[in-house]
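Notes for the structure review
Residue-level listing of the chains:
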Amino acid sequence: MKTFCGRANPTTGSMEWVEEGEDYDYHQEIARSRYADMLHDKDRNVKYYQGICAAVSRVKERGEKAIVLDIGTGTGLLSMMAASAGADFCYAIEVFKPMANAAVKIVERNGFSDKIKVINKHSTEVTVGPDGDMQCRANILVTELFDTELIGEGALPTYEHAHKYLVQEGCEAVPHRATVYVQLVESKRMWSWKKLFPVHVEAEDGEKILVPPSEMENCPGVPSVCDIQLNQMPLSDFTTLSDVVTMFSVDFSKPVQSASTYYRVQLEPVKSGKAQIVLSWWDIDMDPSGMINCTMAPYWVKPTSALQWRDHWMQCVYFLPNEEPVLQGEKLYLTACRDEYSVWYNLQKAREGENKAFEEELKADVRVESPVCRCRAHLLWNRARFGELNDHNRTHQYIRSLRKVLKKDSVCLCISDGSLLPVLAHYLGAKQFFKANHLEDKIKIIEARPELLKPSHLEDKKISVLVGEPFFTTSLLPWHNLYFWYARTAVSTHLASNVTVLPQSASLHMMIVEFQDLWRIRSPCGICEGFDVQTMDDMIKDSLNFRESKEAEPHPLWEYPCKSLSDPQEVLTFDFTKTVPQHCLSTEGSVKLLRKGKSHGAVLWMEYHLAADVSVSTGLIQMSNEKGNCEWNPHCKQAVYFFSSVIESEILSEPTAVTYAINFDTKTGEIAMDFKL
Ligand code: SAH
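Residues numbered from 1 in each chain as written. Predicted model: local features only at pLDDT ≥ 70, side-chain atom pairs only at ≥ 80, totals over all residues. Heavy atoms only, no water.

Section: the pairing of strand 9 (residues 199-203)
Quick note on the threshold: Accessibility here uses a 1.4 Å probe with only protein chains present; expressed as a share of the type maximum, an area under 20% marks a residue as buried, one over 50% as exposed, and anything in between as partly exposed. Numbering of helices and strands runs from the N terminus; a helix is a DSSP stretch of H or I covering at least four residues, while a strand is a stretch of E covering at least two. Paired strands, as defined in this entry, are two strands with at least two bridges between them according to DSSP.
The side-chain alternation of strand 9 yields one buried face, formed by Val199, Val201 and Ala203, and one unburied face, formed by His200 and Glu202. When strand 9 meets strand 10 (residues 206-210), the two strands line up antiparallel, connected through five bridges. The residue bridging valine 201 from the neighbouring strand is lysine 208, located in strand 10. Turn length for the strand 9-strand 10 hairpin, with the two strands adjacent in sequence and antiparallel, is two residues.

Here it is as structure tokens:
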């Protein structure tokens with residue numbers, strides 16, 4: 001079956017009807033899935049295996065048959081571990097059909113078909129009884145249903161149901177328990193992902209300070225967790241205000257309640273400062289004794305030698321509704337509220353001398369509703385965008401270039417989503433500005449798509465300065481922001497003949513890199529803890545190759561360190577002073593590899609040339625040393641094109657150069673690329 005999907009092209013802005021086979025969604029799901037990453041997570045796998053062996057032994061020692069329920073079996077890995085450990089029978093539940101099919105094949109290939117029954121259902125649909133999916137309730141419950149926030153994938157309701165209907169009372173659970181830890185910190189860097197900081201503008205008539213409106217200042221923001229690779233956050237970017245504290249834990253061997261609740265702990269800051277952020281992570285104990293522990297603790301909490309790189313579980317950043325000055329030794333209460341799927345935090349100060357009464361008051365005052373953005377800025381700007389708007393260096397580059405191009409009588413048009421450029425330009429003296437906010441008489445917001453712009457929108461004036469950052473919320477890959485070029489083309493008739501366009505041009509840059517870890521997400525696993533999971537590797541490979549031309553993927557590289565193997569190279573340029581040409585823009589060439597290493601892929605990013613001598617990069621900021629360590633723009637995602645032949649170790653000798661062919665199709669806005677090693 002084929003379906004037609006309507007979508008706006010992120011680069012050209014035009015509405016397109018795309019014909020997609022029904023396989024498309026599923027290939028996307030598999031190709032972008034975290035199954036490969038999980039199979040590479042040695043620490044996780046080893047500990048699950050140990051925990052499962054221990055649970056099977058305990059049941060056998062009691063003289064019982066070991067009947068396992070594995071909810072969310074994926075490849076069937078945990079069931080195969082249980083069967084090898086001596087379990088009598090395993091029910092392996094998997095809701096996602098392609099995975100359930102894969103599990104059947106993998107189980108068969110490893111010779112466990114008589115011990116493992118794969119059931120393609122959601123666990124809440126599973127029936128127990130002589131005619132049911134399961135003959136009887138299980139006495140061992142094995143699951144791996146956790147995300148970075150622990151409960152975001154629905155572990156709690158799944159456990160709640162399983163204890164009611166699918167497992168025996170007093171069953172063994174692997175993992176046995178999960179514990180959530182928190183640490184209170186002050187961090188200008190992370191706080192800048194939630195709050196808009198004042199912007200200082202040096203204008204002709206003195207310094208102007210652009211302050212966010214009070215409804216934005218007081219807005220609690222959005223409830224969703226911010227999950228990041230906290231191990232890439234240097235100690236200099238935050239100050240810990242408290243020790244690491246246990247927030248709550250869940251015992252999976254007992255009935256679990258998923259209904260909304262809260263947990264409260266008392267804290268005493270180890271340092272005075274501004275409480276802004278709660279950093280959080282969890283660990284799981286695979287057995288009741290706590291001897292088999294798998295932890296997501298970041299580097300400053302545990303020795304680096306014990307760090308296992310993984311992308312399927314990271315760490316959480318929670319933003320307090322507002323920053324709170326705290327004093328060393330002062331008594332604080334930190335409250336974690338949760339519903340079935342998410343957690344949010346609140347901080348309160350204990351009042352001197354009236355503890356009992358205050359605690360009663362606190363109990364009554366639990367804010368069970370999760371934060372809701374009232375100012376709408378948190379809906380328009382994501383965390384990275386807040387960080388970008390708060391980047392003083394970047395703002396300074398825009399101010400410098402605006403100053404170069406603006407004249408007293410400039411009539412400006414800004415095309416960018418949620419941009420501060422109009423306000424900056426206003427402070428710098430632009431007479432009239434279209435499309436922005438608040439300064440009603442000076443700045444006019446036009447709610448029209450560029451191609452529908454009419455002279456009346458512009459009060460019949462011609463635009464003398466056209467500006468854009470450019471930034472659009474629909475962009476996923478760096479070059480999607482070339483939409484600015486298409487919009488510029490669409491408004492051509494409204495531009496004065498001597499119009500200034502800022503940025504005047506953009507360029508696409510490329511570099512060959514060796515990743516420290518990111519390559520793992522594309523690397524086949526083969527044998528996992530002694531089990532043959534090649535069927536899964538093949539499936540992922542098929543899905544990645546489903547599209548004829550392979551695609552680049554967006555990744556924020558500040559979280560995924562890599563080493564450059566070549567110099568950065570400019571591969572294409574886009575001239576915004578002209579309209580988008582009819583013909584394709586293409587280039588071919590070769591890059592020399594300067595350092596030894598594995599060419600895992602090419603990284604691509606855009607640079608914008610705002611005015612003479614002023615450029616901003618959305619990718620490489622600096623190459624710091626001889627070893628080729630790179631510093632990336634922390635607010636943007638870069639495009640990564642993986643070289644599968646290198647990752648799959650099909651190439652034996654190290655290449656000395658990489659040849660490339662890159663084509664920008666101006667009709668579709670798509671960039672196709674091909675690399676040869
Ligand atoms: N157990 C495997 C895979 C874990 S990924 C391993 O450890 O390697 C989690 C899997 O659980 C996903 O495939 C997802 O589709 C499935 N899943 C999540 N909740 C489920 C539920 N309630 N019932 C059935 N499958 C579920």
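Focus: the sheet that holds strand 31 (residues 585-592)
Working definition: the strands of a sheet are paired by backbone hydrogen bonds and lie parallel or antiparallel to each other. Note the cut-off: The angle between two axes is taken between their N-to-C directions and runs from 0 to 180 degrees, where each axis is a line fitted to C-alpha atoms and a helix contributes only its stretch in contact.
Strand order across the open sheet formed by three strands is 31-37-38, with antiparallel pairing between neighbours. Taken across any chain shown, the strands that pair with only one partner, and hence form the sheet edges, are strand 31 and strand 38 (670-676). Sheet twist, expressed as the average angle between the axes of neighbouring strands with direction ignored, equals 15°. Relative to strand 37 (residues 657-665), strand 31 runs antiparallel, the two being bridged by eight bridges. Counted as the bridge partner of serine 590 is threonine 659 from strand 37.

Observations concerning the nonpolar core
Threshold: Nonpolar cores are built from buried Ala, Val, Leu, Ile, Met, Phe, Trp, Tyr and Cys residues. Side-chain atoms within 4.5 Å join them into one set. Pairs of residues are marked as contacts when any of their non-hydrogen atoms sit within 4.5 Å.
Among the nonpolar cores identified, the biggest contains 112 residues, and Leu69, Phe146, Leu334 and Tyr345 are the most heavily contacted of them. In this view, phenylalanine 146 contacts Tyr48, Glu153, Ala155, Tyr159, Pro175, Phe252, Trp282, Ile284 and Trp313; residues no more than four positions away in its chain are not counted. Counting 82 residues, the second-largest nonpolar core is a separate cluster that includes Leu421, Leu466, Tyr641 and Tyr660.

Considerations on helix 5 (residues 97-109)
Defined as follows: Here a helix's expected span is defined as the number of its residues, less one, multiplied by 1.5 Å.
Between its terminal C-alpha atoms helix 5 stretches 18 Å, which fits the 18 Å expected from 13 residues at 1.5 Å a residue. Burial in helix 5 covers these residues: Pro98, Met99, Ala100, Ala102, Ala103, Ile106 and Val107. Next to the buried residues of helix 5 lie helix 1 (23-31), helix 2 (35-39), helix 4 (77-84), strand 5 (116-119), strand 27 (531-532) and helix 15 (534-544). Of the residues trailing helix 5, glycine 111 is marked for its positive phi of about 75°.

Observations regarding the environment of leucine 502
On the secondary structure map, leucine 502 appears in strand 24 (residues 495-502). For the pair leucine 502 and proline 212, spaced 290 residues apart in sequence, the C-alpha to C-alpha distance is 25 Å.

Observations concerning the site of the ligand
Worth spelling out the cut-off: Being near a molecule or strand, for a residue, means having at least one of its heavy atoms within 4 Å of it. Definition of a polar contact: a pair of N or O atoms within 3.5 Å, with one able to donate and the other able to accept a hydrogen when the atoms are protein atoms, and with sequence-neighbouring residues admitted only if both atoms are side-chain atoms. Using the Shrake-Rupley algorithm and a 1.4 Å probe, accessible areas are obtained, with residue cover drawn only from the displayed protein chains. Classification used: nonpolar for Ala, Val, Leu, Ile, Met, Phe, Trp, Tyr, Cys and Pro, charged for Asp, Glu, Lys and Arg, polar for all others including Gly.
The environment of the ligand is formed by 18 residues, the closest being Tyr35, Arg44, Gly72, Glu94 and Ser123. Measuring from a nitrogen atom of the ligand, one finds a backbone N or O atom of valine 95 at 3.2 Å. A distance of 3.0 Å separates a nitrogen atom of the ligand from a polar atom in the backbone of serine 123. Alone, the ligand offers 580 Å² of accessible surface; in the complex the protein occludes 89% of this. Here the shell around the ligand is built from residues that sort into eight nonpolar, six polar and four charged.

Observations regarding the domain arrangement of the chain
Cut-off, in case you're wondering: Here the bounds of each domain stem from an automatic or database domain assignment. Every case where a carboxyl oxygen of Asp or Glu lies within 4 Å of a side-chain nitrogen of Lys or Arg is listed as a salt bridge.
Segmentation of the chain into domains returns domain 1 (3-32), domain 2 (34-144), domain 3 (178-193 + 208-373), domain 4 (391-502) and domain 5 (505-676). The partner domain 5 presents 33 residues to the 22 residues of domain 4 that form the contact. If you look at where domain 4 meets domain 5, you find zero salt bridges. One can count eight residue pairs in polar contact (both at pLDDT 80 or more) joining domain 4 with domain 5. When contributions to the side of domain 4 that touches domain 5 are tallied by element, the ones reaching two or more residues are helix 12 (392-405), helix 14 (483-490) and strand 24. Each residue belonging to the side of domain 4 that touches domain 5 can be placed in one class, and the counts come to twelve nonpolar, five polar and five charged.

Focus: the pairing of strand 19 (residues 343-349)
Counting buried residues along strand 19, six of its seven residues qualify, which places the element largely inside the surrounding structure. Where strand 18 (residues 332-338) and strand 19 come together, seven bridges link them in antiparallel fashion. Note on strand 19: the bridge partner recorded for leucine 334 is leucine 347. The hairpin turn running from strand 18 into strand 19, its antiparallel successor, is four residues long.

Notes on the sheet that holds strand 18
On the basis of which strands lie adjacent, the open sheet formed by three strands has the order 14-18-19 and antiparallel pairing. One side of each edge strand has no neighbouring strand; the edge strands of this open sheet are strand 14 (261-267) and strand 19. Averaged over all neighbouring strand pairs, the angle between strand axes comes to 20°, with direction disregarded.

Things to note about the pattern of salt bridges
A complete count under the given rule lists 26 salt bridges for this structure. We note a salt bridge from aspartate 532 to arginine 109, for which the minimum N-O separation is 3.0 Å. Here the residue aspartate 532 occupies a position in strand 27, and arginine 109 occupies one in helix 5, the gap between them amounting to 423 residues. Among the residues examined, arginine 109 registers a relative accessible area of 45% and is labelled partly exposed. Of the charged contacts in the structure, one is a salt bridge between lysine 349 and glutamate 330, with a shortest N-O distance of 3.3 Å. Linking lysine 349 in strand 19 with glutamate 330 in the loop between strand 17 (315-326) and strand 18, this pair joins segments that are 19 residues apart in sequence.

Things to note about the packing of helix 1 against helix 15
The criterion, for reference: Under this scheme an angle from 65 to 115 degrees is roughly perpendicular, one under 35 degrees roughly parallel, and one over 145 degrees roughly antiparallel; angles in between are oblique. Crossings are classed by handedness, with left-handed meaning an anticlockwise turn of the near helix from the far one by less than a right angle and right-handed meaning a clockwise turn.
With their axes 8 Å apart at the nearest point, helix 1 and helix 15 run at an angle of 120° to one another. Relative to helix 15, the element helix 1 is oriented oblique. The chirality of how helix 1 crosses helix 15 is left-handed. Residues His27, Ile30 and Ala31 of helix 1 form the contact with helix 15, whose participating residues are Met539, Ile540, Asp542, Ser543 and Leu544. Class assignment of the residues belonging to the contact of helix 1 with helix 15 gives a composition of five nonpolar, two polar and one charged.

Remarks on empty space enclosed by the protein
To keep it simple, the criterion reads: Grid points spaced at 1 Å over the protein atoms alone were grouped into cavities, where a 1.4 Å probe fits but cannot get out, and pockets, open sets with protein on both sides within 12 Å along at least five of seven lines, with lining residues defined by an atom within 4 Å of a point. Grid points are joined across faces, edges and corners, and a volume is the space filled by probe spheres set on the points.
Applying the stated rule across the entire model yields three cavities of 30 Å³ or more. Volume-wise, the largest cavity comes out at about 100 Å³. Val199, Glu388, Leu389, Arg394, Thr395, Tyr398, Ser419, Leu420, Leu421, Leu424 and Glu469 together form the lining of the largest cavity. Those elements that place two or more of their residues in the lining of the largest cavity are helix 11 (383-389), helix 12 and helix 13 (421-427).

Focus on the packing of aromatic side chains
The geometry of an aromatic ring pair is captured by two quantities: the separation of the ring centres and the angle between the planes. Formally: Aromatic contacts are taken between Phe, Tyr and Trp rings whose centres are within 6.5 Å, Trp giving its six-membered ring; a plane angle under 30 degrees counts as stacked, one over 60 as edge-to-face, and the others as tilted. Two conditions define a charge sitting above a ring: the NZ of Lys or the CZ of Arg must be within 6 Å of the ring centre, and it must be within 35 degrees of the ring normal.
One pass over the full model with this rule turns up 25 aromatic pairs. With centroids separated by 4.3 Å and ring planes inclined at 15°, the aromatic side chains of tyrosine 159 and phenylalanine 252 adopt a geometry described as stacked. Of this pair, tyrosine 159 sits in helix 6 (residues 155-165) while phenylalanine 252 sits in the loop between strand 13 (245-251) and strand 14, and the two are 93 residues apart along the sequence. An identical accessibility class is assigned to tyrosine 159 and phenylalanine 252; each is buried. Centroid distance phenylalanine 515 to phenylalanine 642: 5.9 Å. Interplanar angle 50°. Geometry classified as tilted. Of this pair, phenylalanine 515 sits in strand 25 (residues 505-515) while phenylalanine 642 sits in strand 36 (residues 638-642); the two residues are 127 residues apart in sequence, bridging distant segments of the chain. One exposure class covers both phenylalanine 515 and phenylalanine 642, and it is buried. Chaining the aromatic ring pairs together yields one cluster made of Phe146, Tyr159, Phe252, Trp282 and Trp313. Positioned above the aromatic ring of tryptophan 558, the side-chain terminus of arginine 189 is 4.4 Å from the ring centre. Note that arginine 385 overlies the ring of phenylalanine 471, its terminal NZ or CZ placed 3.7 Å from the centroid.

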